[in-house]
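Residue strings, one per chain:
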Amino acid sequence: MAAEIINVSTEEQLQQALDIRKDVFVLEQKVPIDLEIDDYDRLESDAHHVLIKSEGQYAATGRITYYNKDSAKMQRIAVRKPFRSKGIGRVLMMALEAQARELKLQYSLLDAQVQAEAFYRKLGYETISDEPFDDAGIPHVRMKKEL
């Protein structure tokens, strides 16, 4: 499946990313909108958003924030339902990791929903939290990967 990687640079692209997140997190997983959208969801914020377009449609999104001086925090990883299990999530993660490397970051951290932990493990992430924790009513684990 061919996928186009877009480093978000316009308001229209950012809105597409937010629309994907609303579909996945707010509508599908029932995360309150005020927990989903935050100060990093602006073009002038200190975050880097990525969009994946496939089959002519915006299929997935994610963002990078700075966890500390050498680590990226991968956040808001979302793939629309029709594009799941087609390799789009893997493409998205590879794009986010490539951008983190360009930013000269050495590690990638993320808080994975427990149901997605195996997906991230296949990509080389290691669980570093002792037990699952709650985030927006969904169990998560913290994971880390050297870039």
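Everything that follows concerns the structure shown earlier in this document.
Residues numbered from 1 in each chain as written. Predicted model: local features only at pLDDT ≥ 70, side-chain atom pairs only at ≥ 80, totals over all residues. Heavy atoms only, no water.

Q: Would you mind showing me how to read the pattern of salt bridges here?
A: Side chains that differ in charge, positive against negative, can pair when their charged atoms come close. All chains considered together, the criterion is met by 14 salt bridges. The partner of Arg63 in a salt bridge is Asp38, with the nearest N and O atoms 2.8 Å apart. Of this pair, Arg63 sits in strand 3 (residues 57-68) while Asp38 sits in the loop between helix 2 (33-36) and strand 2 (48-54), and the two are 25 residues apart along the sequence. By relative accessible area, Arg63 is classed as buried at 0%. (Salt bridge = Lys/Arg side-chain N within 4 Å of Asp/Glu carboxyl O. Helix = DSSP H or I, 4+ residues; strand = E, 2+ residues; numbered from the N terminus. Buried < 20%, exposed > 50% of the residue type's maximum accessible area, 1.4 Å probe, protein only.)

Q: What is the right way to read helix 3 (residues 88-102) from this model?
A: Structural remark: α-helix, 3.6 residues per turn; residues separated by three or four positions point the same way. If you check helix 3, its first and last C-alpha atoms are 21 Å apart, about what 15 residues at 1.5 Å a residue would give, namely 21 Å. Among the residues making up helix 3, those that are buried are Ile88, Gly89, Leu92, Met93, Ala95, Leu96, Glu97, Gln99 and Ala100. Positive phi appears at Lys104, one or two residues downstream of helix 3, with a value of about 65°. (Expected span 1.5 Å × (residues − 1).)

Q: Is there a simple way to think about the packing of aromatic side chains in this case?
A: Aromatic ring pairs: the centre-centre distance and the angle between the two ring planes describe each pair. By the definition in use, this model includes 2 aromatic pairs. Considering the side-chain rings of Phe119 and Tyr120, the 5.0 Å spacing of their centres and the 70° angle between planes classify their relative orientation as edge-to-face. With relative accessibility at 30%, the residue Phe119 sits in the partly exposed group. What makes Tyr120 buried here is its relative accessible area of 7%. Ring geometry for Tyr120 against Tyr125: centres 6.1 Å apart, planes inclined by 80°, an arrangement best described as edge-to-face. Each member of the pair Tyr120 and Tyr125 is classed as buried. Here the aromatic residues Phe119, Tyr120 and Tyr125 are joined through ring pairs into a cluster of three or more. The aromatic ring of Tyr107 is capped on one face by Lys144, whose charged end is 4.4 Å from the ring centroid. (Phe/Tyr/Trp six-rings, centres within 6.5 Å; stacked < 30°, edge-to-face > 60°. Lys NZ or Arg CZ within 6 Å of the ring centre and 35° of its normal.)

Q: Would you mind going over the pairing of strand 8 (residues 138-146) with me for this structure?
A: Regular strands show a simple pattern: their side chains alternate between the two faces of the sheet. Summarising the sheet, strand 5 (residues 107-113) and strand 8 pair through 7 bridges and their orientation is antiparallel. Directly across from Ala112, in strand 8, lies its bridge partner Val141. Of the strand pairs in this sheet, strand 6 (residues 126-127) and strand 8 are connected by 2 bridges, and their pairing is antiparallel. Bridging from a neighbouring strand, Thr127 pairs with Met143 of strand 8. With antiparallel pairing between neighbouring strands as the criterion, strand 7 (residues 133-135) and strand 8 make up a hairpin whose turn holds 2 residues, including Ala136 at a positive phi of roughly 55°. (Pairing = 2+ DSSP bridges.)

Q: Teacher, can you tell me more about unusual backbone geometry here?
A: With the exception of glycine, most residues fall at negative phi, and the peptide bonds are largely trans. With phi around 55°, Glu55 is a residue other than glycine that occupies positive phi space. The topology assignment puts Glu55 in the loop between strand 2 and strand 3. Glu55 gets classed as exposed once you look at its relative accessible area, which sits at 52%. Positioned with a positive phi, Ser85 is a non-glycine residue whose angle comes to about 65°. With respect to the helices and strands, Ser85 occurs in the loop between strand 4 (71-79) and helix 3.

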